[in-house]
Amino acid sequence: MKIRTRFAPSPTGFMHVGNLRTALYEYLTAKHENGTFVLRIEDTDQERYVEGATQVIYDTLKLAGLLHDEGPDIGGDFGPYVQSERLSLYKPYAMKLVEEGKAYRCFCTKERLQSLKDNAPEGSIVGYDRHCRDLSEEEINENLSKGMPYVIRQKMPLEGVTTYNDLVYGSISFPNADLDDQILIKTDGYPTYNFANVIDDHTMGITHVVRGSEYLSSTPKYNLLYEAFGWDIPTYIHLPLIMGKTIDEEGKEVVSKLSKRHGSTGFMDLIEEGYLPEAIINYIALLGWAPEGTEEIFSLEELIKLFDINRISKSPAVFDYDKLAWVNAEHIKRMNNEEFLAHAKKYYDISGVTENNYELLDELLKPRITKFNEIPDKLSFIKEYSDFDLSLFEHKKSKSTLESSKKMLEEAIPVLENTPWEREALTEAMKDLAARLEVKNSVVMWPVRIAAAGVAVTPGGCSEVMLLLGKDESMRRIKKSLARL
Ligand code: GLU
């Protein structure tokens, strides 16, 4: 049997990391077995309709690399793949159940249903009282001839238990008496979400259903529908919630459902903040799943190979932004020079980096950044140079004082004027100068770097800073600093 999974988002205009994890696990479940990953848009809830929201879904999946094999934009043998284009398909299925006595027409008015709720004892869960479940043939025909509107309801068994197996949560049982005779088709002839979902999964040949654990309790109703039709029940993989952490006033950790107050929860927002799609995917893969061993950094191809449904955990996963940043940094470290440059180039351009320094920066920045958008800040000294506080020259550990700095700059200027502007040559020249003056290397290197950069923290030491600035600019700055000293 070839595995077919589907990602069935409702177009809300926003892809929460929880939805993206569902999509990822659907994708990995299928791809691990060379199966098919289907995209189905569940847009029947017109009240929640948001303009352009479907595009957000396409863009997200594309950027994340979760390419679907069938879907609204690329077609397939099981279309249409948008629920609103399938509306006429559902009612005949419901009528079949009515004919077989497994569903029934309900003519109850809104007012009657409301009064059921109003008259129920406080705190009780009121389901439908099954008033129309046993209407006689004559009553039904009379109502129909009067043109009374009706919904179609599922006839739930009144006794017994419905049990199913979930690959993550194990065996799940619900007493049938607790199951409402839910509406399958509304008065306008359109399906409810619960009905459409089952018909769609079956008619699209879906073998594995991956979705959030909030659907665990609806699944018995779905299964009773599959049984009523005599269809195979898909394999279920329900996923635990994703939580977020905050620290309360007493310094205690508080864990609650991941939301905005924990940080960005949307895929596109994380991208905007500078996280790499492949790092987000890598991190999200680990929210509820772990491979054997201790390695945690994976490409999507590696995830496909390693993914194992049996290793999904049912305990809630906590979204840890620090860990995401670490995963991002690890992906950056593993980039080759071309990949690194492709991401860094636009920041180099703003920072005024010249092409001859790309390789140097690759080495300097790769191990030091967690996100590419940190680059302009790290390189701001290239374009900006102002009358910095002279106390920057004083540094205990480097044994640098204002006085020594002045002397070292005086000595360094003629040496630098006559040194080839290359990394090794510059470093050697500064070391030789320190040896000649019988001081520690840092006594020379600290003031030269500060004078050139005008800031305390730079990627690389004095030679690297001078290379990034070029000879003219470096000399101009060093002389200017000396004059100020
Ligand atoms: N449209 C549903 C949602 O976004 C899909 C649920 C399912 O996968 O069955 O939650």
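The structure displayed is predicted, hence computed values, not measured ones.

Draft legend 1. Summary view of the sheet that holds strand β3 (residues 103-106). The sheet built from three strands is open, its strands ordered β3-β4-β7 with antiparallel pairing. Looking along the sheet, the strands with just one partner apiece sit at the ends: β3 and β7 (183-185). Each strand axis lies, on average, 40° off the axis of its neighbour in the sheet, ignoring direction. In terms of strand pairing, strand β4 (residues 151-154) meets β7 through two bridges, oriented antiparallel. Within the sheet, the bridge partner assigned to Arg153 lies in β7 and is Ile183.

Draft legend 2. Structural detail: the nonpolar core. Core analysis: the biggest nonpolar cluster contains 143 residues, and Leu66, Phe319, Tyr348, Phe372, Leu379, Leu416 and Val448 have the highest contact counts within it. If sequence neighbours within four positions are ignored, Val448 has contacts with Leu409, Ala412, Leu416, Met430, Cys462, Met466 and Ile478.

Draft legend 3. Seen up close, the site of the ligand. Taken together, the residues surrounding the ligand are Arg6, Ala8, Ser10, Glu42, Tyr193, Asn197, Arg211 and Tyr215. A distance of 2.8 Å is found between an oxygen atom of the ligand and a side-chain nitrogen or oxygen belonging to Arg6. Taking Tyr215, its side chain carries an N or O atom lying 2.8 Å from an oxygen atom of the ligand. Relative to its free-state accessible area of 300 Å², the ligand is covered by the protein chains to the extent of 82%.

Draft legend 4. Molecular detail of the side chain of Glu464. You can see Glu464 is positioned in helix α19 (residues 462-469). Exposure remark for Glu464: the relative accessible area of 11% places this residue in the buried category. Those residues in contact with Glu464 that lie beyond four places of it in its chain are Leu360, Leu364, Arg423 and Pro459.

Cut-offs used in this document
- Residues numbered from 1 in each chain as written.
- Predicted model: local features only at pLDDT ≥ 70, side-chain atom pairs only at ≥ 80, totals over all residues.
- Heavy atoms only, no water.
- Pairing = 2+ DSSP bridges.
- Helix = DSSP H or I, 4+ residues; strand = E, 2+ residues; numbered from the N terminus.
- Axes fitted to C-alpha atoms, helices over the stretch in contact; angles between N-to-C directions.
- Core = buried A, V, L, I, M, F, W, Y, C linked by side-chain atoms within 4.5 Å.
- Buried < 20%, exposed > 50% of the residue type's maximum accessible area, 1.4 Å probe, protein only.
- Contact = heavy atoms within 4.5 Å.
- Near = heavy atom within 4 Å.
- Polar contact = N/O pair within 3.5 Å; in protein donor to acceptor, adjacent residues only side chain to side chain.
- Areas by Shrake-Rupley, 256 points an atom, 1.4 Å probe, with all protein chains shown as cover.

Scope: geometric values only; no functional claims are made or implied.
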